[in-house]
Amino acid sequence: MESRAADDIWIIKFYAPWCSLCKQLDPVWRQIGSELKSLGSPVSVGKSDATASTGLAKEFRVRGYPAILICFSSCFVSRLKKGVKYNYSGPRTKDGIMDFVNRVAGPLVRHLSSVQLFQHAMSRHDVMLVYVGATSQLKAVSLPSLPAVLVFKDGTYFTYNEERDGDLKLWINRERFPNYFRIDSYTLYAMGESGKLVVLALVDKNTCKEGLRYKSLVEKVAADYREIYRNFYFGFMEEHDYISGLVMGEVIVPSLIVVNLSIDGYFLPQGDVETERHLLDFLKGVLDGSIQCLGGNGIIQRIKRFVYDTKATLTLVSSQAPLLGCFLVSFPLAIFAILCYLCCKARPTMSNDDDDDGVALLAPSLHHRNKPPQKKYD
């Protein structure tokens, strides 16, 4: 890697040999490498065993597996002290990673000099932020004044207004996701920075009739009441590990839930949601506080969530690597047993020492008490 030019770009996968998710990503990773090579992309593909290259993993601050990062070759030469790197937290799919590579490898801001280029960019992105300058010749949309900042999504666009929307950076963070879409665990985690509540239909991959009804109901409310519920995102999830960790238990599928990712809280409907009116009443109760927020990030909840996550991790590791799982469970127990043994062994010795001291202190008093009284003479 160090022999490469300083402007080469690398996408690196950090993995662990025992990680099942890393093994599932292997065929996708090979497809990405082949496609980037066939396209003549400047991005090189590599992977690193984080358990063997611990120093490099520590420099990259790898916390979980698989970890996917993009950086320039100069990052490796300078040991990551001066280089720029990008962490990928999106879905572990070929399309998701390829889209990430194309966005990072290209310029941060693209100049759209014609309507054709604008339409081409729109066809490739579900959400697109556009700055229209005062002298722009782009007539794709009619704007009351220039310059302007717009976000295009869900078949329409919204214009940034400083008085109404506040800080531009915060507004972009709030509006960078579609109003309704399929959400995975990585995307849901990233949505926590938006500050919006997320309405989710939890369904199976092989969606049943009831699951389809929940999806269509959430999609209809998201489209028809977009202006009223601007502080909500809507979507559906087919993977429920993140939600199970949030509620610290198994979730019912299909079902509805509203999550507040800023405080790790969630809301559950008080009854069956059969119609659009039921869903609207549920959202109204979330907003006016009549429906209690469960979970949270208080101290007690954090302790409970830590215990649940530890238990879930040990269960997963034990199923994938039984020997490692037995070691992780038995090692702390062995340390605890040794400490208990040492404490119990030291206690009788201390008791004997105390008894000896007691006898030593008691002997002079008995000797004094048994001494015959002396007669006094004038």
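That block above? That's the structure.
We now turn to the structure provided with this report. (Residues numbered from 1 in each chain as written. Predicted model: local features only at pLDDT ≥ 70, side-chain atom pairs only at ≥ 80, totals over all residues. Heavy atoms only, no water.)

1. What about the overall build of the protein chain?
Assigned secondary structure in the protein chain consists of 13 helices and 13 strands. Within the protein chain, the fraction of its 378 residues that count as buried is 35%. Long-range contacts, defined here as pairs at least 24 residues apart, represent 62% of the contacts in the protein chain between residues at least 6 apart. When the accessible surface of the protein chain is split by element, carbon and sulfur atoms take 56% of a total near 24100 Å². (Helix = DSSP H or I, 4+ residues; strand = E, 2+ residues; numbered from the N terminus. Buried < 20%, exposed > 50% of the residue type's maximum accessible area, 1.4 Å probe, protein only. Contact = heavy atoms within 4.5 Å. Areas by Shrake-Rupley, 256 points an atom, 1.4 Å probe, with all protein chains shown as cover.)

2. Some words on the nonpolar core
If you look at the biggest cluster of nonpolar residues, it comprises 24 residues, and the most contacted ones within it are Val218, Phe232, Phe234, Val258, Leu279 and Leu283. Within the residue set of this core, elements represented by two or more residues are strand E9 (197–202), helix H9 (209–224), strand E10 (232–237), strand E11 (255–260) and helix H11 (276–288). Excluding its chain neighbours within four sequence positions, the residues that come into contact with Leu283 are Val199, Val221, Tyr229, Phe232, Phe234 and Val258. Counting residues in hydrophobic clusters, the runner-up holds 19 residues, among them Ala190, Met191, Ile243 and Val259. (Core = buried A, V, L, I, M, F, W, Y, C linked by side-chain atoms within 4.5 Å.)

3. Here we look at the sheet that holds strand E5 (residues 127–132)
Within a sheet, neighbouring strands are paired by backbone hydrogen bonds and run either parallel or antiparallel to one another. Taken in spatial order, the three strands make up an open sheet running E5-E6-E7, and their pairing is antiparallel. A single partner strand is all that each edge strand has here, and the edge strands are E5 and strand E7 (156–159). Mean inter-strand twist for the sheet, computed between neighbouring axes without regard to direction, equals 25 degrees. Against the sheet, helix H5 (residues 115–124) makes contact with E5 and strand E6 (148–153), and its axis sits at roughly 150 degrees relative to E5, the strand it touches most. The strands that helix H7 (residues 168–175) touches are E5, E6 and E7; relative to E6, the one it contacts most, it runs at about 10 degrees. (Pairing = 2+ DSSP bridges. Axes fitted to C-alpha atoms, helices over the stretch in contact; angles between N-to-C directions.)

4. Some details on the side chain of Lys196
Along the polypeptide, Lys196 turns up in the loop between helix H8 (185–190) and E9. In terms of polar contacts, Lys196 uses its side chain to reach the backbone carbonyl oxygen of Arg230, at 3.0 Å. (Polar contact = N/O pair within 3.5 Å; in protein donor to acceptor, adjacent residues only side chain to side chain.)

5. Some thoughts on the packing of aromatic side chains
When we look at a pair of aromatic rings, we describe it by the centre distance and by the angle of the planes. Applying the stated criterion to the full structure yields 11 aromatic pairs. Look at Phe152 and Tyr157: their rings are 5.5 Å apart centre to centre, the planes differ by 40 degrees, and that puts the pair in the tilted class. Judged by its relative accessible area of 29%, Tyr157 is partly exposed. Residues Tyr180 and Phe236 carry aromatic rings whose centres are separated by 6.1 Å and whose planes lie at 40 degrees to one another, so their mutual orientation is tilted. (Phe/Tyr/Trp six-rings, centres within 6.5 Å; stacked < 30°, edge-to-face > 60°.)

6. Section: the state of the cysteines
Counted according to the given criterion, the structure contains zero disulfides. Free of any disulfide, Cys343 has its nearest neighbouring cysteine sulfur in Cys340, separated by 6.5 Å. (Disulfide = S-S within 2.5 Å.)

7. Section: the packing of H9 against H11
Running from amino to carboxyl end, H9 crosses H11 at an angle of 65 degrees, the nearest separation of the two axes being 10 Å. Crossing geometry of H9 relative to H11 is assigned as right-handed. Across the interface between the two elements, Leu217, Val218, Lys220 and Val221 of H9 pack against Glu276, Leu279, Leu280 and Leu283 of H11. Along the lines of polarity and charge, the residues of the contact of H9 with H11 split into six nonpolar, no polar and two charged. (Left-handed = near helix turned anticlockwise from the far one by under 90°. Nonpolar A, V, L, I, M, F, W, Y, C, P; charged D, E, K, R; others polar.)

8. Observations concerning the sheet that holds E10
Within the open sheet, the six strands sit side by side as E8-E10-E9-E11-E12-E13. Their pairing is mixed. Because the sheet does not close on itself, it has two edges, and the strands there are strand E8 (180–182) and strand E13 (294–295). In the sheet, E11 pairs with strand E12 (residues 265–267) via three bridges, with the strands oriented antiparallel. Looking across to E12, one finds that Val258 is bridged to Phe267.

9. Some words on the environment of Glu193
Turning to its location among the elements, Glu193 is positioned in the loop between H8 and E9. In sequence terms Glu193 and Leu170 are 23 residues apart; their C-alpha atoms lie 9.2 Å from each other. If sequence neighbours within four positions are ignored, Glu193 has contacts with Asn173 and Arg176.

None of the figures reported here should be taken as evidence of function without further support.
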